[in-house]
Amino acid sequence: MKQLSKVARAVTPSPIREMFNKAIGLEDVISFTVGEPDFQTPDNIVKAAIKALENGEHRYTPNAGIMPLREAIAKTTKMSHGLDYSPENQVIVTAGGMEALMLTMLTILDAGDELILGDPCWTNYSRQALICSATPKFVSVRAENNFTFDPDDLEAAITDKTKAFLINSPANPTGGIASRELLEKLAAIAVKHDLYVIADEVYARLVYDGEMPCSIATLPGMQERTIIINSFSKTYAMTGWRVGYALGPSEVISNMVKLQENVAACVNSAAQYGALAALEDPQDEVDKMVASYGRRRELIMKEFETIKGLHCFAPQGAFYAFVDISETGMKASDFATDLLEKERVIVVPGHAFGTDSDRYIRLSFATSDEAITEGCARIRKYMDNLDK
Ligand SMILES: Cc1ncc(COP(=O)(O)O)c(C=O)c1O
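Sequence order sets the numbering: in each chain, residues are counted from 1 along the sequence as written. Selection of residues for local features in this predicted model requires a pLDDT of at least 70, selection of side-chain atom pairs for listing and counting requires 80 or more, and totals for whole chains, interfaces and linings are taken over all residues.

S.K.: Quick question: what am I supposed to make of the sheet that holds strand β12 (residues 348-349) here?
M.R.: Strands pair in a sheet through their backbones, by hydrogen bonds, and they do so in one of two ways: parallel or antiparallel. The antiparallel open sheet is built from four strands, whose spatial order is β9-β10-β13-β12. Pairing within the sheet leaves two strands with one partner each, and these edge strands are β9 (311-313) and β12. At least two bridges found by DSSP between two strands is the condition for calling them paired. Each helix is a run of DSSP H or I of at least 4 residues and each strand a run of E of at least 2, with the numbering of both proceeding from the N terminus. Alignment of strand β10 (residues 320-324) against strand β13 (residues 360-364), held across five bridges, turns out to be antiparallel. Bridge pairing in β13 places Val323 opposite Ile361.

S.K.: Would you mind going over the domain arrangement of the protein chain with me for this structure?
M.R.: Structurally, the protein chain comprises domain 1 (6-41 + 285-387) and domain 2 (43-280). Relative to domain 2, the C-alpha centre of domain 1 lies at a distance of 25 Å. Contacts between the two partners involve 34 residues from domain 1 and, on the opposite side, 34 residues from domain 2. Elements represented by at least two residues in the side of domain 1 that touches domain 2 include exactly α1 (6-10), α11 (284-305), β10 and β13. It is α11 that contributes the most residues to the side of domain 1 that touches domain 2, six residues altogether. The source of the domain bounds is an automatic or database domain assignment. In this description, a residue-residue contact is defined by the distance between C-beta atoms placed from the backbone, which must lie within 7 Å.

S.K.: Even after reading the chapter, I still don't get the site of the ligand, so can you show me in this structure?
M.R.: Taken together, 13 residues form the shell around the ligand, and within it Gly96, Gly97, Met98, Ser231 and Ser233 come nearest. The dominant element in the shell around the ligand, judged by the number of residues it contributes, is helix α5 (residues 96-108), at three residues. Its residues assigned to classes, the shell around the ligand comprises three nonpolar, nine polar and one charged. Near, as applied to residues and a molecule or strand, means the residue's backbone-placed C-beta atom lies within 6 Å of it. Any residue outside Ala, Val, Leu, Ile, Met, Phe, Trp, Tyr, Cys, Pro, Asp, Glu, Lys and Arg is labelled polar, Gly included; the first ten of those are nonpolar and the last four are charged.

S.K.: Which parts of the structure should I look at to understand the pairing of strand β3 (residues 114-119)?
M.R.: Look at any regular strand and the pattern is simple: side chains alternate between the two faces of the sheet. Here a residue counts as buried when 20 or more other C-beta atoms fall within 10 Å of its C-beta, as exposed when 12 or fewer do, and as partly exposed in between; the C-beta atoms come from the backbone. A large share of β3 lies buried, amounting to five of its six residues. In this sheet, strand β4 (residues 135-140) lies alongside β3 in parallel orientation, the contact comprising six bridges. Paired with Glu114 across the two strands is Thr135, which belongs to β4. When the strands point away from the viewer and the path from the first strand over the helix to the second turns clockwise, the crossover is right-handed. Each parallel crossover has a hand, and for β3 linked through helix α6 (residues 123-131) to β4 it is right-handed.

S.K.: Before we go on, may I ask you to explain the pairing of β10 in this structure?
M.R.: Burial within β10 is extensive, with four of its five residues counted as buried. Alignment of β9 against β10, held across three bridges, turns out to be antiparallel. Counted as the bridge partner of Cys312 is Val323 from β10. Hairpin connection of β9 to β10: six residues between the antiparallel strands, including Ala318 at a positive phi of 60 degrees.

S.K.: Help me understand unusual backbone geometry in this model?
M.R.: Excluding glycine, a negative phi dihedral is what most residues carry, and trans is how most peptide bonds are arranged. At the junction of Ser169 and Pro170, the peptide bond is cis and its omega measures out at -5 degrees in the coordinates. By secondary structure assignment, the location of Pro170 is in the loop between β5 (162-168) and α8 (180-192). Here the residue pair Asn172 and Pro173 is connected by a cis peptide bond, since its omega of 20 degrees sits within 30 degrees of zero. With respect to the secondary-structure elements, Pro173 resides in the loop between β5 and α8. Of note in this structure, Phe147 is not a glycine but carries a positive phi near 55 degrees. Summarising the element assignment, Phe147 is placed in the loop between β4 and α7 (151-157).

S.K.: Looking at this structure, how should I read the packing of helix α12 (residues 332-343) against helix α13 (residues 369-387)?
M.R.: Axes are the key here: two packed helices are described by the angle between their axes and the distance separating the axes. Axis definition: a line fit to C-alpha positions, over the contact stretch in the case of helices; interaxial angles, taken between N-to-C directions, run 0 to 180 degrees. Between α12 and α13, the least distance of the axes is 10 Å, while the angle of their chain directions is 105 degrees. As summarised for this structure, α12 and α13 are arranged roughly perpendicular, according to the angle between their axes. Contacts between α12 and α13 involve Leu339, Lys342 and Glu343 from the former and Arg378, Ile379, Lys381 and Tyr382 from the latter. Its residues assigned to classes, the contact of α12 with α13 shows three nonpolar, no polar and four charged. Between 65 and 115 degrees an angle is taken as roughly perpendicular, under 35 as roughly parallel, over 145 as roughly antiparallel, and anywhere else as oblique.

S.K.: Looking at this structure, I do not really get the nonpolar core. What am I missing?
M.R.: Soluble globular proteins: nonpolar side chains tend toward being buried together. Core analysis: the largest hydrophobic core is formed by 118 residues, its most contacted members being Val197, Ala246 and Ile361. Residue contributions to this core reach at least three from each of two domains, namely domain 1 (6-41 + 285-387) and domain 2 (43-280). Discounting residues that sit within four places of it in the chain, Ile361 has contacts with Val323, Ile325, Ala332, Phe335, Ala336, Val347, Val348, Pro349 and Gly350. Structurally, a nonpolar core is described as a collection of buried Ala, Val, Leu, Ile, Met, Phe, Trp, Tyr and Cys residues joined by way of C-beta atoms within 7 Å.

S.K.: Help me out: how do you make sense of the sheet that holds strand β7 (residues 226-231) in this one?
M.R.: Taken together, the seven strands give an open sheet; going across it, the order is β2-β8-β7-β6-β5-β3-β4, and neighbouring strands pair in mixed fashion. If you trace the sheet from one side to the other, it starts and ends with β2 (91-94) and β4, each paired once. Across the sheet, the mean angle from the axis of one strand to that of its neighbour is 25 degrees, orientation sign disregarded. For β7 and strand β8 (residues 244-247), the ladder comprises four bridges, and the chain directions are antiparallel. The partner of Ser231 across the bridge, within β8, is Gly244. In the packing of helix α9 (residues 250-263) onto the sheet, contacts are made with β2, β7 and β8, and the angle to β2 comes to roughly 30 degrees.

S.K.: Is there a simple way to explain α11 in this structure?
M.R.: Structurally, the α-helix is built with 3.6 residues per turn, so residues lying three or four positions apart point the same way. For α11, which comprises 22 residues, the first-to-last C-alpha distance of 32 Å matches the rise-based estimate of 32 Å (1.5 Å per residue) to within 8%. Along its buried surface, α11 packs onto β10, β13 and α13. Multiplying 1.5 Å by the residue count of a helix minus one yields the expected span of that helix.

What follows is the structure, encoded as structure tokens:
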């Protein structure tokens, strides 16, 4: 047979999957790998989707999504960011944040263009850039900067091929948040070099030390060059529903809608009605889930304080603990494999998130208190035995 496409061959499986595969067949495993809420979707959302089906909402919707949902997204964004977006041509409903990111990249990146990403960053970004035959270019981000770009490092990485940079705040895998002061500097760089900015805000509601983080789109000169990515997955425990969205300049969004027609046509109709209820109904369930993640964050950080040789970065948002293992002298991939074999705990090794991050492991604390306590006890035992 003839060779498969360059794109198919360029995209490698995520190392997160490899860890899952290593755990197959093992019993009594505690997993800190899964980046999704362990809650059920709130009842009002489920009921709204059922009602939509009962009401006969069984057909294709507009490619950009049902108008009431686009209006609700624009209204919610006005409330949170103070920005106006037209539901007509500046909002698109997508199959999760994932498809919003993919359509954005397909719309703004040509083959050979560079997209600047932080190292570490979420695994899928670089693979999505590769699907566009673009080049993901990594800039190391450091713990002392909350794992956000140092403006000088970002600017040094820009070439005449750079089309955009991506900011994920709060971030997966670190939980770091970019401050307004930093975003102002990054925005000035975007304007100076005429770059697009992809602002992945899927964890914006999951924050623990105060109000919602600043969005770079709100800064002067930025709304016209920023594509905001958001999702119902994490905020409303709706990962399996596959509903997300993007907001941006009409030229970008209308082209994303054109691509959507050829990719998925539209997001599942009933799921869109569920998402509409998520935005329009009271937000008490979200508040409860966030409070619960906040408690688990405290718990996991307390546990790590008592584990010698490992240092946990205090996450300001999302539900990940990013832990520095460099004192062990091990590569994170070896550490994760050994920990799984000896203590039956799965964590994600940092190299999943960038080549410069193989001295970290990521633990998702979107899991029960019992799993956190028992999992950390096993990690403590593992570390104590390493010392001997
Ligand atoms: C940083 C980040 N962005 C986007 C997504 C996409 O999630 P979804 O497609 O479920 O909205 C994820 C999922 O893990 C994520 O961690």
